[in-house]
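Structural characterization, general
The chain contents come next:
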Amino acid sequence: DTGVSQDPRHKITKRGQNVTFRCDPISEHNRLYWYRQTLGQGPEFLTYFQNEAQLEKSRLLSDRFSAERPKGSFSTLEIQRTEQGDSAMYLCASSYGAHVIGELFFGEGSRLTVL
Amino acid sequence: AQKVTQAQTEISVVEKEDVTLDCVYETRDTTYYLFWYKQPPSGELVFLIRRNSFDEQNEISGRYSWNFQKSTSSFNFTITASQVVDSAVYFCALSYPSGGYQKVTFGIGTKLQVIP
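The shown structure was predicted, so the numbers you read here are calculated from the model rather than taken from an experiment.

Residue and element names in this part refer to chain A. Counted by the stated rule, this structure contains 2 disulfides over all chains. Linked covalently through their sulfurs, cysteine 23 and cysteine 92 form a disulfide whose S-S length is 1.9 Å. Between cysteine 23 and cysteine 92 the sulfur-sulfur dihedral comes to about -70°; the bridge is accordingly left-handed. Taken as a pair, cysteine 23 in strand E3 (residues 19-24) and cysteine 92 in strand E9 (residues 88-95) lie far apart in primary sequence, 69 residues in all. Each of the two residues, cysteine 23 as well as cysteine 92, counts as buried.

This is the structure we're talking about:
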């Protein structure tokens, strides 16, 4: 399978615990995005990487959230001291291109439930 | 502000009926892209179409067709002869330049239920 893969697909945790999600983009894609999708809403932008550089972070990304993309390959999104409001689907997407946005390839998402 | 409005939150149709999903967008930019994505129950977002702001030609792909009208800032999506497999949430999205890259804003989605 050469699509975008995300792990884990589902995570249930207690409030206050830390969680980490991993995203493996399509191998030749230099751009990687994290989005969050809550029930009944469209995906909302969280952060963007071009290669290993994190170029933009949304205001939605509080200081409890941190994302990395070491070596410009896979990416991790960590949420510290989770809160019930963090319950959502976390979507990763990747694309290739310099100036023109091409197709965004999305993974199947990681669903987080905070009890 | 960059915004996408999908006024229809849920639509139900009987199989074989035609259905149109509405999308209205707002942007200050003259160069932008519009997308439609399908999100089946499995959760993955599936790309359907991309359109740039300079190409107002309508497009047809099998049972799917798209009507892009800059005059009304709309990019509507029609499914002809709907099938149960079309049941999903459909998102319209707008891509525009921001900080050296293209940012994407999604609408809230339209949930389509096709009843057999």
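That shown, we press on.
Before going further, it helps to spend a moment on the environment of Phe65(A). Residue and element names in this part refer to chain A. As for its placement among the helices and strands, phenylalanine 65 is situated in strand E7 (residues 65-68). For phenylalanine 65, a relative accessible area of 7% puts it in the buried group. Separated by 45 residues in the primary sequence, phenylalanine 65 and threonine 20 have C-alpha atoms spaced 9.7 Å apart. In contact with phenylalanine 65, other than residues within four places in its own chain, are Arg36, Leu77, Glu78, Ile79, Asp86 and Tyr90.

What follows deals with the environment of Arg51(B). All names here are of chain B. Note on placement: arginine 51 falls in strand E6 (residues 46-52). Apart from residues lying up to four places away in sequence, arginine 51 is in contact with Tyr32, Tyr33, Leu34, Gln57, Asn58, Glu59, Phe68 and Phe75. At a separation of 3.4 Å, a polar atom in the side chain of arginine 51 contacts the side chain of aspartate 55. Among the polar contacts made by the side chain of arginine 51, one reaches the main-chain carbonyl oxygen of glutamine 57 at a distance of 2.4 Å.

What follows covers the sheet that holds strand E8 (residues 75-79) of chain A. Residue and element names in this part refer to chain A. Spatial strand order, E1-E3-E8-E7: 4 strands in an open sheet with antiparallel pairing. Each of the sheet's edge strands pairs with one partner strand only, and the pair in question is strand E1 (5-7) and E7. Strand-to-strand twist in this sheet, taken as the mean axis angle between neighbours without regard to direction, amounts to 15°. Here E7 runs beside E8; their pairing, made up of 4 bridges, is antiparallel. Looking at E8, one finds that phenylalanine 65 is bridged to isoleucine 79.

Tallying the contact residues gives 23 residues for chain A and 20 residues for chain B. Scanning the region where chain A abuts chain B turns up 1 salt bridge. Ionic pairing is found between Glu56(A) and Lys103(B), a salt bridge with its closest N-O pair at 2.9 Å. Between the two partners, chain A and chain B, sit 3 residue pairs in polar contact (both at pLDDT 80 or more).

With that settled, consider the nonpolar core. All names here are of chain B. Counting residues in each nonpolar core, the largest one holds 24 residues, and the members touching the most others are Trp36, Phe77, Tyr90 and Leu112. Those elements that provide at least two residues to this core are strand E2 (10-14), strand E3 (19-21), strand E5 (33-39), strand E8 (64-69), strand E9 (74-79), strand E10 (88-98) and strand E12 (110-115). Tallying contributions element by element places E10 first for this core, with 5 residues. Look past the residues within four positions of phenylalanine 77 in its chain and what remains in contact with it is Val19, Thr20, Leu21, Trp36, Leu48, Tyr64, Ser65, Trp66 and Tyr90.

The rules behind the values
- Residues numbered from 1 in each chain as written.
- Chains lettered and ligands numbered in written order.
- Predicted model: local features only at pLDDT ≥ 70, side-chain atom pairs only at ≥ 80, totals over all residues.
- Heavy atoms only, no water.
- Disulfide = S-S within 2.5 Å.
- Helix = DSSP H or I, 4+ residues; strand = E, 2+ residues; numbered from the N terminus.
- Buried < 20%, exposed > 50% of the residue type's maximum accessible area, 1.4 Å probe, protein only.
- Contact = heavy atoms within 4.5 Å.
- Polar contact = N/O pair within 3.5 Å; in protein donor to acceptor, adjacent residues only side chain to side chain.
- Pairing = 2+ DSSP bridges.
- Axes fitted to C-alpha atoms, helices over the stretch in contact; angles between N-to-C directions.
- Salt bridge = Lys/Arg side-chain N within 4 Å of Asp/Glu carboxyl O.
- Core = buried A, V, L, I, M, F, W, Y, C linked by side-chain atoms within 4.5 Å.

None of the figures reported here should be taken as evidence of function without further support.
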